[in-house]
Each structure stands twice: as structure tokens, then as C-alpha cells.
Amino acid sequence: MHHRIALRTFLISALLVVLLPIVIASGWLFYRSALNATEQFAQQIADEVSGRVREKIIAFFDIPLRVVTFNVEQAKAGYLDYAHPDELMRQFLLQIRQQPQLTFVSMGMTDGQYYAGSRPPLGGDMDLRMLRARIAEDRAMEVFRVDTANKRGERISHSDIHFDARVRPWYESAVRNGGRAWYAPYRYRIEDVQGAYAAMGMGVSAPVYGENGAMVGVATADLALSQVSDFLKSVANESGSVAFLADSGGELLATSTAEPSFHLDAGRNDYRVKTADSKNPILRAVGERIRSNGAAEGNHFITVNGTRHLARWWTHPLPHGPELTMGVVLPESQFNTPLNGVLRNVVSLTLAVMLASALFAVFVADRVVQPLALLSAWAARLTKGDWHAVAPKSSPIRELIALSEAMGFMAGHMREHAEELEHEVAQRTTELEQALAVIEQALTDERQFIAMLSHEVRSPLAVIDTAAQLLSFRLKDDATQLAVVERIRRGSARLSNFFDNCLTQDRIDSQNFAVQPGAIDVRRMASWVVENCSQLANDQPVDLDVAPDLPALQGDEVLLRIALTNLLSNAFKYSPDGTTVGLRVWGDGALCCFAVEDCGSGIPDEETALIFQKYRRGRAAEGMPGAGLGLALVERIATLHGGSVRVERRETPGTRFVLSIPFQPLATA
């Protein structure tokens with residue numbers, strides 16, 4: 001279906017199509033300029049924030065390397081007093097006071113004992129601590145408070161965890177690398193009472209050799225990753241951004257979000273969260289972009305939950321250690337203020353121009369459309385056959401005057417043509433009525449002829465059948481003559497059945513025909529059909545099997561008798577002499593089923609649909625008496641009762657017809 005559009009709408013649309021592209025193109029240029037400026041502004045902000053983050057994080061991770069290098073050199077020069085643990089820890093505490101970013105400066109001895117100076121990464125009490133795990137204390141981890149002179153004070157925690165420095169990751173890393181090296185992030189195993197060390201850290205460790213060149217232990221300088229997260233959170237609060245730090249595998253080391261960078265699984269094993277698997281949608285989107293991009297540095301705009309963000313990341317390889325990935329994500333709200341102003345101006349200008357264009361289009365449309373509307377109304381009256389409609393007044397537009405004259409000329413031709421059509425239609429209608437009358441009379445004559453022929457033939461057939469019955473009594477001892485008499489009776493019965501079919505078919509085809517249902521005793525009807533069809537048999541007994549306790553069947557008994565008679569007649573006709581014909585009756589839910597079984601040669605599959613057509617017969621019927629009317633009448637009777645008839649192939653030679661009729665008639669509208 002074609003869409004129709006009013007001329008006024010078309011004119012307005014045409015004007016808008018001309019003007020709007022100009023406005024939109026101008027607005028787009030302004031918008032692109034503002035967008036470029038906004039992106040440059042965003043890049044500038046990102047450069048400032050990321051530069052600050054990068055500088056601070058590099059400084060964070062530079063301290064452990066310098067402290068460990070210093071202690072290794074001190075040991076070689078004999079200035080690191082590892083022979084006196086308390087003095088060693090005071091030296092470590094002095095280094096922590098100078099480098100407050102550090103969490104531990106420690107040393108694990110070759111016998112597994114551990115001595116450290118520390119600043120707790122968690123909690124409100126940030127006073128310095130001494131930690132030790134000695135063989136004398138069965139390697140229990142002890143935590144002591146220290147005074148301003150870096151002397152050991154009261155013991156504030158005692159954890160019986162059997163701490164052996166030789167099996168800790170930082171010790172094993174130093175031994176494995178044979179020199180300074182960063183060790184992988186790990187969870188502190190202090191288990192202090194206050195929980196101030198329930199964190200994760202990473203740092204640098206190195207073997208320490210004495211003046212004699214023998215290894216005396218492993219020195220470490222450790223940085224709690226929670227301190228990096230605190231720094232990132234302070235940056236995020238100031239700039240409104242999201243910042244993170246990850247290793248080369250994409251696992252988070254620190255983040256400005258509330259999500260912890262490490263967890264415990266069901267077996268209480270530590271595992272760290274990958275950036276691409278973060279619960280934070282912004283971190284997850286950036287992590288996926290970094291993983292798919294594969295570049296060491298990147299600068300991309302991403303959209304998360306409908307909001308644009310500028311993601312900036314870069315990598316920094318630690319000396320003697322892993323490669324770190326640092327990132328900052330700025331939301332659109334930090335840099336889109338100029339763009340919003342331009343958008344408001346563009347939208348306002350566009351709306352103003354659209355309104356002016358619409359007003360101008362309405363004015364032009366009224367001047368052009370009004371004469372066309374009058375012309376259209378005149379044409380509408382002409383299409384309804386109002387030939388007396390007056391043409392509209394003259395218009396100042398020459399094209400409209402020409403169109404009006406052409407329509408007037410066309411209206412005259414249409415009037416003449418309509419009159420000719422009316423005359424021709426009246427003539428054809430009269431001819432059709434006469435033809436229908438002839439057809440109706442022919443059908444009436446046909447019905448009357450069939451009825452008269454049936455009446456005229458039935459009486460002689462009855463006389464023939466009666467005479468044949470008398471002869472059969474008299475010639476019962478003469479088998480040859482008795483066979484002739486039986487053939488006469490069968491022929492008489494078949495001819496009578498043929499006329500019954502013709503009359504029934506004619507009655508069904510009449511306009512006033514209607515099924516007249518009534519309660520039918522199924523067993524009694526089946527017995528009657530078998531008894532009355534005995535004359536059609538060729539010495540073929542009927543095996544009648546009716547299921548017990550069948551309910552009454554609501555149907556037209558006369559029609560159903562004719563249907564069953566036709567099925568039995570066909571069974572007798574195509575079954576060899578002396579074979580048994582079966583009639584089975586049973587209930588199948590709401591259906592009463594009648595099955596007639598013969599012992600004939602069967603019906604090919606390709607002919608099963610043809611045999612139910614009027615005057616159509618299969619190849620097996622060649623040379624057999626019949627007109628091809630019986631099965632068509634059976635199917636028609638079944639349909640009138642809301643049922644069906646079908647043909648089935650038997651396992652033994654022969655055919656099985658099943659007539660299914662509902663016990664209750666179908667409701668009619």
C-alpha cells in the first residue's frame with residue numbers, strides 16, 4: 001500500500017529538507033570544533049593527573065630499591081650491625097623514619113630468624129614497631145612498640161605462627177636471583193592482634209654478605225600496596241577520576257575504588273583480581289581495552305553505562321623487577337562543560353530556524369493548496385456520479401486552469417461512458433438471469449427424471465426379486481438353476497442400491513437438505529445392514545463384531561445405513577467367492593468406528609485419494625460393475641456427520657475402510 005501525503009505537508013517538508021541540512025551542517029561544524037576543543041582539554045587534564053600519578057608511583061617504587069642497595073653496601077662495609085638484633089632493628093627504624101612510604105625494612109637470617117622495623121599499613125595507630133621471630137621464642141612473631149629513641153618498648157602482639165624467614169617469598173626470591181630483585185606481591189604473615197598488617201605488599205630483597213664474603217641473610221625493603229591505594233584515592237578525590245595500578249599480567253596492585261585488590265578463596269588462598277574482571281564497570285572496561293589493545297601506552301575514550309570516559313594508561317618497568325601498568329580514567333563531567341554550552345546554542349538555533357521555516361511553509365502552502373482543495377472537492381463529486389457539480393472559480397495559476405478544463409472534458413467522457421456501461425450491465429444481467437433460470441430448470445428436470453426412473457424401475461425390480469425368491473424355493477434341488485436365480489437377485493439388489501445412491505446424492509445436493517439426527521442403536525443398525533446386504537454377497541459370509549456397551553449414536557440412520565451398505569457392497573464385489581468379509585464396530589473416545597474388511601487385491605497408495613472422488617474408480621475396478629458413486633457418497637455422509645472415512649492396507653491381502661462418526665453431533669452456529 002502506497003503512503004499518501006497531503007500537498008501542504010509535502011511543501012512544508014520540502015522547505016525543511018532544503019533549510020535543515022544547512023542549519024545542521026553549520027551546527028555540526030560548531031559541534032565538531034567544540035568536541036575537538038573538549039578532547040584537547042580532556043587530554044590536558046589527563047596529562048596533569050597522570051603525570052602526578054606517574055611521578056608519585058615511580059617515587060614510591062624507587063625507595064625500596066635504594067634502601068636495599070644501601071643496606072647491602074652497609075653490610076659489606078661492616079656498618080650494618082646484624083650481629084646485634086636490637087641495634088639492627090634500630091637502624092631499620094631510622095631508615096623508615098626517613099622514608100615514611102616504607103612498611104618494612106627487615107632482614108631474614110640464614111637460620112630463619114627475622115628482624116624488622118615497620119610502620120603499620122592499617123589502623124589508626126601509625127607508631128613505629130619492631131618485629132622479630134627468634135628461635136628462642138619457637139619462631140613466634142612478636143610485635144613491639146618503640147619510643148622516640150627507636151628503643152624497643154612493650155610487646156603489643158605475640159603470634160605463635162612458627163615464622164621461618166627462609167620460606168618467605170622475599171627470601172626465596174633473593175636466593176633464587178642471587179642479587180637485588182623485586183618479589184611478587186604477597187600477603188603479610190604477621191597475624192598481629194590488632195590486625196594492622198592484614199595487607200599485601202611487594203618490595204625488593206637481596207642477599208647480604210658479611211665482611212668475610214659469607215652470606216648472613218636477606219635484606220628487604222617492603223611497600224604496602226594499601227598505601228599506594230590511599231594515594232590513588234586522594235588523587236581520585238581531587239580530580240574526580242579513577243586510578244589504578246596493575247602488574248604485567250593485568251592483576252590489580254592498587255586502585256582508587258573501594259574494591260580490594262586481593263581476596264581469599266574457599267581454601268583461604270590469596271588471589272588477586274584482574275583489571276578486566278573487576279566488579280567496577282569502569283575498571284573492567286579499561287582492563288578489557290588494555291587486554292585487547294596490547295599496547296604499552298594508550299589514550300582512548302570509552303563509554304560505560306552511557307557515560308564517556310577518557311582512559312589513559314602507560315607502563316613502567318621497574319629496575320630488577322616487573323613491569324607496572326598505571327592508569328587514570330576521567331569521566332566526561334570533568335571536561336564536557338564547553339561542549340554542553342555549544343550544544344545548547346546549536347539546538348536553540350536549529351529550533352528557531354525550523355519554526356521560521358514551518359511558518360513560511362504554512363503561508364506558501366495556503367496560497368498554493370486552497371485552489372487545489374476546491375478542485376479536489378469538485379473531482380470527488382464527479383467520481384460519485386454527480387455530473388451536475390459546478391467547476392471551481394478561475395485561479396490565478398495557469399496550470400490549475402488547464403487542469404480544471406482537462407477535468408471538465410474528462411468528466412463529459414466519463415458521463416457518456418458510465419451511461420453506456422449501465423446499459424450494457426442491465427443487458428448482461430438479463431442474460432444471466434435467463435441462463436440461471438435455464439440451469440435451474442435443467443437441474444429440476446434431472447432430479448425429476450432420476451426420481452421417476454427410480455420409481456419406474458423399483459416396481460419391476462421388486463417383482464423380479466419376488467419371482468427370483470419363488471424360483472429359489474422351487475429350484476432348491478437344482479444347483480445350476482439356483483445359481484442363475486441368485487445372480488438375478490444380486491443384480492436386482494445392486495441396481496436397487498445404485499438408484500438409492502443416486503437419489504441420496506441428489507437429495508444431499510439440494511439446497512434445503514439437512515441432516516436429521518436421532519438416537520441410533522449401533523448394534524441393531526449394523527445387524528440390519530448385514531442382513532439386507534446378504535443379497536449382494538457372492539457366497540461370502542459376513543463376520544460381524546460389535547463392541548459391547550456402546551452408547552447410542554446421534555446421527556441420521558438412513559444416511560449411515562446407505563454408507564455402510566456401500567462399503568459392504570464394495571467388499572463383496574472385490575473379494576473372491578467364499579472369502580469372509582468383516583464388519584467391526586467399536587468406540588474410540590468420542591468416535592464410533594465402523595471398519596469393513598475385504599480379502600481383495602488391495603488399493604495402490606497412489607489411488608487412495610482418487611477413489612473418494614465422484615465417478616472415479618481405481619484400476620482394480622476395471623471390468624467390475626459400478627459407477628464410481630458409492631465411496632464419494634460415503635465420504636459426503638461422513639463429512640455431514642462431522643466424521644471421516646479412510647482406507648488402510650491390511651497385513652493379509654485385502655483392504656480395510658474405517659468410517660469414524662462422532663457419538664454426539666457437532667454444534668452448528
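So, how was this worked out
Residues numbered from 1 in each chain as written. Predicted model: local features only at pLDDT ≥ 70, side-chain atom pairs only at ≥ 80, totals over all residues. Heavy atoms only, no water. Helix = DSSP H or I, 4+ residues; strand = E, 2+ residues; numbered from the N terminus. Buried < 20%, exposed > 50% of the residue type's maximum accessible area, 1.4 Å probe, protein only. Contact = heavy atoms within 4.5 Å. Areas by Shrake-Rupley, 256 points an atom, 1.4 Å probe, with all protein chains shown as cover. Salt bridge = Lys/Arg side-chain N within 4 Å of Asp/Glu carboxyl O. Pairing = 2+ DSSP bridges. Axes fitted to C-alpha atoms, helices over the stretch in contact; angles between N-to-C directions. Phe/Tyr/Trp six-rings, centres within 6.5 Å; stacked < 30°, edge-to-face > 60°. Lys NZ or Arg CZ within 6 Å of the ring centre and 35° of its normal. Core = buried A, V, L, I, M, F, W, Y, C linked by side-chain atoms within 4.5 Å. Polar contact = N/O pair within 3.5 Å; in protein donor to acceptor, adjacent residues only side chain to side chain.

Student: Would you explain the overall build of the protein chain in this entry?
Tutor: From N to C terminus, the protein chain includes eleven helices and 22 strands. The buried share of the protein chain, reckoned over its 669 residues, is 42%. Sequence separation of 24 or more characterises 60% of the internal contacts of the protein chain that already satisfy a separation of 6 or more. Carbon and sulfur atoms make up 55% of the accessible area of the protein chain, which totals about 36,200 Å².

Student: Please clarify how the environment of Val 530 should be interpreted in this entry.
Tutor: For Val 530, the location among the structural elements is in helix α9 (residues 522-532). Residue class for Val 530 comes out buried when judged on its relative accessible area of 17%. For the pair Val 530 and Pro 541, spaced eleven residues apart in the sequence, the C-alpha separation amounts to 9.6 Å. Those residues in contact with Val 530, other than ones at most four positions away along the chain, are Val 542, Leu 544, Leu 568 and Leu 583.

Student: Would you mind going over the pattern of salt bridges with me for this structure?
Tutor: A side chain of one charge can pair with a side chain of the opposite charge if their charged atoms are brought near each other. With the rule as written, the count across this model stands at 21 salt bridges. The residue Arg 90 makes a salt bridge to Glu 87 at a minimum N-O spacing of 2.6 Å. Within this pair, Arg 90 and its partner Glu 87 are both found in helix α2 (residues 85-98), separated by three residues, close to a single helical turn. For Arg 90, a relative accessible area of 26% translates into the label partly exposed. Through salt bridges with shared partners, one network takes in Asp 543, Arg 584, Glu 597, Arg 646, Glu 648 and Arg 656.

Student: When you look at the sheet that holds strand β15 (residues 323-331) in this model, what are you seeing that I'm missing?
Tutor: For sheets, the rule is that strands pair by backbone hydrogen bonds, running either parallel or antiparallel. Spatially, the five strands line up as an open sheet ordered β10-β9-β15-β14-β13, and their pairing is antiparallel. Looking at the sheet topology across the chains shown, the edges are occupied by β10 (252-255) and β13 (298-304). Strand-to-strand twist of the sheet, defined as the mean angle between neighbouring strand axes without regard to direction, takes the value 20°. The pairing of strand β9 (residues 242-246) with β15 spans five bridges and is classified as antiparallel. Across the sheet, residue Ala 246 finds its bridge partner in β15, namely Thr 325. Sitting on the sheet, helix α4 (residues 225-239) touches β9, β10 and β15, and the angle it makes with β10 is about 45°. Each of β9, β10, β13, β14 (307-317) and β15 touches helix α5 (residues 281-293); the most contacted strand, β13, lies at about 135° to it.

Student: How should I be thinking about the packing of aromatic side chains in this particular structure?
Tutor: Both the distance between ring centres and the angle between the ring planes are used here to describe each pair of aromatic rings. Under the defined criterion, the tally for this structure stands at ten aromatic pairs. Taking the centre distance of 5.0 Å and the plane angle of 50° together, the rings of Tyr 114 and Phe 163 count as tilted. One end of the pair, Tyr 114, is in strand β2 (residues 114-118); the other, Phe 163, is in the loop between β5 (152-159) and α3 (169-177), with 49 residues separating them in the sequence. Taking the relative accessible area as the measure of exposure, Tyr 114 reaches 4% and is therefore buried. Looking at Arg 561, its charged tip hangs above the ring of Trp 528, at a distance of 4.1 Å from the centre.

Student: I would appreciate a short explanation of the side chain of Ser 241 in the present structure.
Tutor: With respect to the helices and strands, the residue Ser 241 is situated in the loop between α4 and β9. If sequence neighbours within four positions are ignored, Ser 241 has contacts with Val 49, Val 235, Ala 236, Ser 256, Val 328, Val 329, Leu 330 and Pro 331.

Student: Please explain the nonpolar core as it appears in this structure.
Tutor: Generally speaking, soluble globular proteins have nonpolar side chains that are buried together. Counting 52 residues, the largest nonpolar core has Ile 57, Phe 61, Met 107, Leu 232 and Leu 245 as its most contacted members. Looking at this core, the element that brings in the most residues is helix α1 (residues 7-77), giving twelve residues. Those residues within four positions of Met 107 in sequence are excluded, and the remaining contacts are Leu 80, Tyr 82, Leu 88, Phe 92, Gln 113, Tyr 114, Tyr 115, Val 208, Val 216, Gly 217, Val 218 and Ala 219. Formed by 41 residues, the second largest nonpolar core is a distinct cluster that contains Cys 533, Val 546, Ile 611 and Ile 661.

Student: What exactly am I supposed to notice about the environment of His 300 here?
Tutor: By the secondary structure assignment, His 300 is in strand β13. With relative accessibility at 26%, the residue His 300 sits in the partly exposed group. Separated by eleven residues in the primary sequence, His 300 and Ala 311 place their C-alpha atoms 5.3 Å from one another. With residues up to four places along the chain from it excluded, the contact list for His 300 reads Arg 289, Asn 293, His 309, Leu 310, Ala 311 and Trp 313. Within the local environment of His 300, its side chain forms a polar contact with the side chain of Arg 289, the two groups lying 3.3 Å apart. A polar atom in the side chain of His 300 sits 3.4 Å from the side chain of Asn 293.

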